[in-house]
Amino acid sequence: VFLSSVLRCFERLFFLFLHGDGSGSVYSTNLKLVYADNTINSIGTGIYARAAMWGPVFSVLSFRAMFAAISLLLLQSAYSLIVRASHTDGGAYEYNTRTVVLFAETIKCLISSTALVTMYYRGQEKEIGQLNLKTALLFSLPGLLYFVNNNIPFYCLMYLDPPSYQVLQQLKIGTTAVAFRLLMGRKLTSQKWVALGLLLLGCALSQLKWGNIGELFASSSLGYTLVTMQCSISATAAVISEKLLKETKQSIHLQNLQMYLYGVLFSCMNMYAEGVAVQHWARGYNFWAVMSVLCLSLTGLATSAVMKYADNLIKVFALAGSMIFTTVASALLFGTVITLLFMLGTLVACLSCYLYFAEDSRMFDVLDNCGGVCNMAMAGDAPVVTYSGPKDARVMSDSLKEPLNMKRDKEEP
């Protein structure tokens, strides 16, 4: 089951990679139910391919989104391993870890500025977009939320032991899905909700240790509250960032520059509040510390690209994959013991990934109950829509050039 789930995921990704065009769209069409009284109920975006065996696929990554997601997975894994290599044998760090965030934000600003200058000298002023005060101020909101979120863990660890904190951190998956639904207004099918629930379960299991199960339920209620607050703030900041990245008509480099400038500002304020002198910011830095700064910078840029070209739920899957990848790499490099719970959690996470990206199953139709069920398949080179639902509804398409071949599967009262 494990191998078939992984192979099926890669099979789908490579199929979509091979059949996608430059913009990343794979024969997309917006499907809607139009009732007799002209009311419209959106079903979603149907994606069909040139092979009848694939059928409908309702969640597809463009090439840029897929590249960004894979980059995020690898960079986040590399960052975790580099940070592990940078501390001493006793687990301490010779450098101030707060300065890593500050230096990373500064490097991200420099990279974004360089990209903007390059676009300007290439005559791509229209692609850059217009800088306005309102948008610049809006980017301060996720910057402030991220600043608060980055400081909450220190208080969480006052009331929770580190293993319990790592397990409870997986609540971010659930809070991100809820924030995505509320703030972005995007409806998820029941199958995707089940997949996200399985991902949360799998990630929690992979971080759990048999000896820590009792401690997990014996922690302070204040610790639970702080972790829930942190996960909610993190999810809200991520979804607001995605909304700004997608809805403002600006280049991603200009958007990143505005967002990361606030990161530099808040990080400097944090260093000033701690009373750390500027000349001591780089004290204790070694090769691995410098590499952690560079890797964190690239991870931030990849995260921004995933939110702009995909969404936060894809980011959640990429980070979950990086967590599994990091554990396996740690076992090879540092001798970390892989437990049975980790293997079970990895299996559940892979099943979740397959379920999320697979076509919507009929077993979830009753839960969705959107007034009608629409499936797409191929008959030769033309898509065929099979519709089950009210008799007074018809399926309309926005973007298919050729007419849809319709057939009614069955009529329901």
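Please read these numbers as outputs of a predicted model, since none were measured by experiment.

1. Let's talk about helix H8 (residues 171-184)
So, step 1. Compared with an ideal rise of 1.5 Å per residue, which puts 14 residues at 20 Å, H8 spans 19 Å between its outermost C-alpha atoms and is within 8% of the ideal.
So, step 2. Every buried residue of H8 is listed here: Ile173, Thr175, Thr176, Ala177, Ala179, Phe180 and Met184.
So, step 3. In this structure, the buried side of H8 is in contact with helix H9 (190-207), helix H11 (221-247) and helix H14 (312-333).

2. Points about the environment of leucine 226
So, step 1. Structurally, leucine 226 can be placed in helix H11.
So, step 2. Assessed through its relative accessible area of 15%, leucine 226 is described here as buried.
So, step 3. Taking the C-alpha atoms as reference points, leucine 226 and isoleucine 152, 74 residues apart in sequence, are found 7.4 Å from one another.

3. Brief notes about the packing of aromatic side chains
So, step 1. Using the criterion set out here, one finds nine aromatic pairs in the structure.
So, step 2. Judged by centre distance (5.6 Å) and plane angle (65°), the rings of phenylalanine 103 and tyrosine 285 are edge-to-face. One end of the pair, phenylalanine 103, is in helix H3 (residues 97-121); the other, tyrosine 285, is in the loop between helix H12 (252-274) and helix H13 (287-309), and 182 residues separate them in sequence.
So, step 3. A relative accessible area of 25% means that phenylalanine 103 is categorised as partly exposed.
So, step 4. A ring pair is formed by phenylalanine 287 and tryptophan 288, whose centres lie 5.2 Å apart and whose planes are at 70°; its orientation type is edge-to-face.
So, step 5. Assessed through its relative accessible area of 54%, phenylalanine 287 is described here as exposed.
So, step 6. Chaining the aromatic ring pairs together yields one cluster made of Tyr93, Tyr95, Phe103 and Tyr285.
So, step 7. When the ring centre of tyrosine 356 is taken as reference, the NZ or CZ atom of lysine 192 above it lies at 5.3 Å.

4. Looking at the side chain of glutamine 258
So, step 1. Counting through the fold element by element, glutamine 258 comes out in helix H12.
So, step 2. What makes glutamine 258 buried here is its relative accessible area of 6%.
So, step 3. Within the local environment of glutamine 258, its side chain forms a polar contact with the backbone oxygen of leucine 254, the two atoms lying 3.2 Å apart.
So, step 4. With residues up to four places along the chain from it excluded, the contact list for glutamine 258 reads Leu131, Thr135, Ala136, Phe139 and Gln250.

5. As for the packing of H9 against helix H15 (residues 340-357)
So, step 1. Axis separation between H9 and H15 bottoms out at 7 Å; the angle between their running directions is 160°. Overall, the two elements H9 and H15 adopt an arrangement that is roughly antiparallel. As H9 packs across H15, the resulting crossing turns out to be left-handed. Seen from H9, the contacting residues are Gln191, Lys192, Val194, Ala195, Leu196, Leu198, Leu199, Leu201, Gly202, Leu205 and Ser206; seen from H15, they are Leu341, Phe342, Leu344, Gly345, Val348, Ala349, Leu351, Ser352, Leu355 and Tyr356.

Cut-off values and rules
Residues numbered from 1 in each chain as written. Predicted model: local features only at pLDDT ≥ 70, side-chain atom pairs only at ≥ 80, totals over all residues. Heavy atoms only, no water. Helix = DSSP H or I, 4+ residues; strand = E, 2+ residues; numbered from the N terminus. Expected span 1.5 Å × (residues − 1). Buried < 20%, exposed > 50% of the residue type's maximum accessible area, 1.4 Å probe, protein only. Contact = heavy atoms within 4.5 Å. Phe/Tyr/Trp six-rings, centres within 6.5 Å; stacked < 30°, edge-to-face > 60°. Lys NZ or Arg CZ within 6 Å of the ring centre and 35° of its normal. Polar contact = N/O pair within 3.5 Å; in protein donor to acceptor, adjacent residues only side chain to side chain. Axes fitted to C-alpha atoms, helices over the stretch in contact; angles between N-to-C directions. Parallel < 35°, antiparallel > 145°, perpendicular 65-115°, else oblique. Left-handed = near helix turned anticlockwise from the far one by under 90°.

Function cannot be read off these values alone, since they describe shape.
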